[in-house]
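One-letter residues, chain by chain:
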Amino acid sequence: MAHFTLYCTRVLPDPVMTAIRARFALVHEPLDHPPSREELAQGFAQADAVISTLAEHVDHTVLACASRLKIIANYAVGYNNIDVVAAGQRGIVVSNTPDVLTDATADLTWALLLAVTRRVVEGDRWLRTGQWPGWAPTQMLGGDLTGKTLGIIGMGRIGQAVALRAAGFRMPVLYTSRRPVAVPAGLSWTRCSLDEVLTQSDFLSLHVPLTDTTRHLIGAHELQSMKPTACLINTSRGAVIDETALVTALETGLIAGAGLDVYEHEPAIHATLTRRANVVLLPHLGSATLETRIRMGMICLTNIAAVLSGKPAPNRVG
Ligand code: DGY
């Protein structure tokens with residue numbers, strides 16, 4: 001593969017970079033910051049294969065520069081950052097990294113859910129001020145998880161991994177999905193309409209890809225339907241929620257709290273969210289474990305190797 005040129009938009013974990021350098025010539029050293037539009041277009045123009053990340057917007061303008069490009073291996077399971085149709089029209093394969101980040105993302109979903117419900121971040125912040133007067137019976141009370149209802153919007157791999165973890169809290173799961181899923185023995189997973197999930201859940205967790213259909217899936221009307229005691233958790237894509245409507249819902253008490261790993265206009269975050277105690281915010285860490293990020297890189301390389309040797313990409317999308 002050494003005669004093929006790879007454009008890797010960002011620095012990836014060391015084992016992945018070592019594997020890349022052993023197999024390909026690089027267009028240039030990967031950046032530790034997002035490339036500008038010009039840098040992105042220049043990289044695409046010189047590459048036989050690209051490893052892109054969700055932070056790069058690969059639209060028809062960028063694709064128009066890609067005269068020799070065979071594959072874009074997106075370093076993410078989501079691929080809403082790429083115009084897959086335009087890539088297909090140019091004969092460019094697009095692949096993603098499914099499966100390997102399922103558990104990491106499901107774990108982080110629970111980290112957010114627990115953090116919001118038990119006020120973990122708020123408590124940590126308080127202690128760091130040096131103002132904690134000591135234990136008190138009514139201090140910083142959160143809510144129980146056990147026995148509460150977990151609503152899951154999108155019961156794909158990650159949605160199911162989140163649902164499996166709910167068994168430890170004896171939480172029944174209501175979910176929406178295009179198709180019913182196989183329910184593991186002994187678990188209570190019920191497929192419902194969106195409206196039923198919204199109105200009956202104590203926690204609502206989003207696990208749909210961002211598409212034209214799911215953009216602003218959770219807006220003012222949906223937030224209005226939720227219980228005032230409910231918490232909304234999002235580790236999918238920010239724009240699945242209408243962020244302005246969410247801010248209003250939090251400010252007016254339509255819902256009790258939110259745990260967010262993703263934002264509608266990343267890396268910008270609605271200022272009000274950063275000021276609210278009932279919101280926990282993370283910087284898009286869903287897949288951010290070293291093991292997972294290495295596996296994601298290796299999947300990108302597997303797909304690139306397949307396409308450059310004339311074989312189908314195992315994780316082709318679109
Ligand atoms: C994905 O793979 O889509 C994640 O959001 C990346 O962390």
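Here the residue numbers are simple positions, counted from 1 along each chain's written sequence. Totals for whole chains, interfaces and linings use all residues, but because this is a predicted model, local features are given only for residues with pLDDT of at least 70 and pairs of side-chain atoms are given and counted only at 80 or more. Water and hydrogen atoms were dropped before computing side-chain values, which therefore reflect all heavy atoms in the structure.

**Examining the environment of Leu194**
Thought 1: For Leu194, the location among the structural elements is in helix H8 (residues 194-200).
Thought 2: The exposure class assigned to Leu194 is partly exposed, which follows from its relative accessible area of 26%.
Thought 3: Residues Leu194 and Pro133, 61 residues apart in the sequence, show an inter-C-alpha distance of 44 Å.
Thought 4: Excluding anything up to four places from it in sequence, Leu194 contacts Ile153, Thr176 and Leu217. We count a stretch as a helix when DSSP gives it H or I for four or more residues in a row; a strand needs E for two or more, and each element gets its number in order from the N terminus. Partly exposed describes any residue whose relative accessible area lies between the buried limit of under 20% and the exposed limit of over 50%, with all areas from a 1.4 Å probe on protein chains only and scaled to the type maximum. In this description, contact between two residues means that some pair of their heavy atoms is separated by no more than 4.5 Å.

**Structural notes on the packing of helix H5 (residues 102-117) against helix H7 (residues 157-166)**
Thought 1: Every axis in this analysis is a line fitted to C-alpha atoms, fitted for helices over the stretch in contact. Angles between the N-to-C directions lie between 0 and 180 degrees. As a packed pair, H5 and H7 sit with axes 9 Å apart at the nearest point and diverge in direction by 50°. Relative to H7, the element H5 is oriented oblique. H7 is crossed by H5, and the crossing has right-handed handedness. The segment H5 lies against H7, with Thr102, Asp103, Thr105, Ala106, Asp107, Thr109 and Trp110 engaging Arg157, Ile158, Ala161, Val162, Arg165 and Ala166.
Thought 2: Residues are grouped as follows: Ala, Val, Leu, Ile, Met, Phe, Trp, Tyr, Cys and Pro are nonpolar; Asp, Glu, Lys and Arg are charged; all remaining types, including Gly, are polar. Among the residues forming the contact of H5 with H7, the class breakdown is six nonpolar, three polar and four charged. Roughly parallel means an angle under 35 degrees; roughly antiparallel, over 145; roughly perpendicular, 65 to 115; everything else is oblique. Crossings are sorted by hand: turned counterclockwise from the far helix by less than a right angle, the near helix makes the crossing left-handed, and turned clockwise it makes it right-handed.

**So, the site of the ligand**
Thought 1: Taken together, Leu54, Ala76, Val77, Gly78, Leu101, Arg237, His284, Ser287 and Arg293 make up all the residues around the ligand.
Thought 2: Here the accessible surface of atoms and residues is derived via Shrake-Rupley with a 1.4 Å probe, and residues count as covered only by protein chains that are part of the display. Starting from 230 Å² of accessible surface for the ligand in isolation, the protein chains cover 92%.
Thought 3: Grouping the constituent residues of the shell around the ligand by class yields four nonpolar, three polar and two charged. Residues are counted as near a molecule or strand when any one of their heavy atoms sits within 4 Å of it.

**Topic: the domain arrangement of the protein**
Thought 1: What the domain assignment lists for the protein is domain 1 (5-100 + 290-308) and domain 2 (102-281).
Thought 2: Buried area is a sum: the accessible area each of two parts loses on coming together, probed at 1.4 Å, counted once for each and added. Buried surface at the junction of domain 1 and domain 2, both sides included, amounts to about 590 Å², of which 44% is carbon and sulfur.
Thought 3: Looking at the side of domain 1 facing domain 2, the largest losses of area belong to Leu54, Asn80 and Asp99, adding up to 63% of the total buried there.
Thought 4: Salt bridges are identified by distance alone: a Lys or Arg side-chain nitrogen within 4 Å of an Asp or Glu carboxyl oxygen. Linking domain 1 with domain 2 are one salt bridge.
Thought 5: Here Asp99 ties to Arg157 by a salt bridge, and the two come within 2.5 Å at their closest N and O atoms.
Thought 6: Residues adjacent in sequence count toward polar contacts only when both atoms are side-chain atoms; beyond that, a polar contact is any pair of N or O atoms within 3.5 Å, and within protein one must be able to donate a hydrogen and the other to accept it. Summed over the shared surface of domain 1 and domain 2, the number is three residue pairs in polar contact (both at pLDDT 80 or more).
Thought 7: When the residues that make up the side of domain 1 that touches domain 2 are grouped by side-chain class, the tally is four nonpolar, three polar and one charged. Reported domain spans reflect what an automatic or database domain assignment gives.

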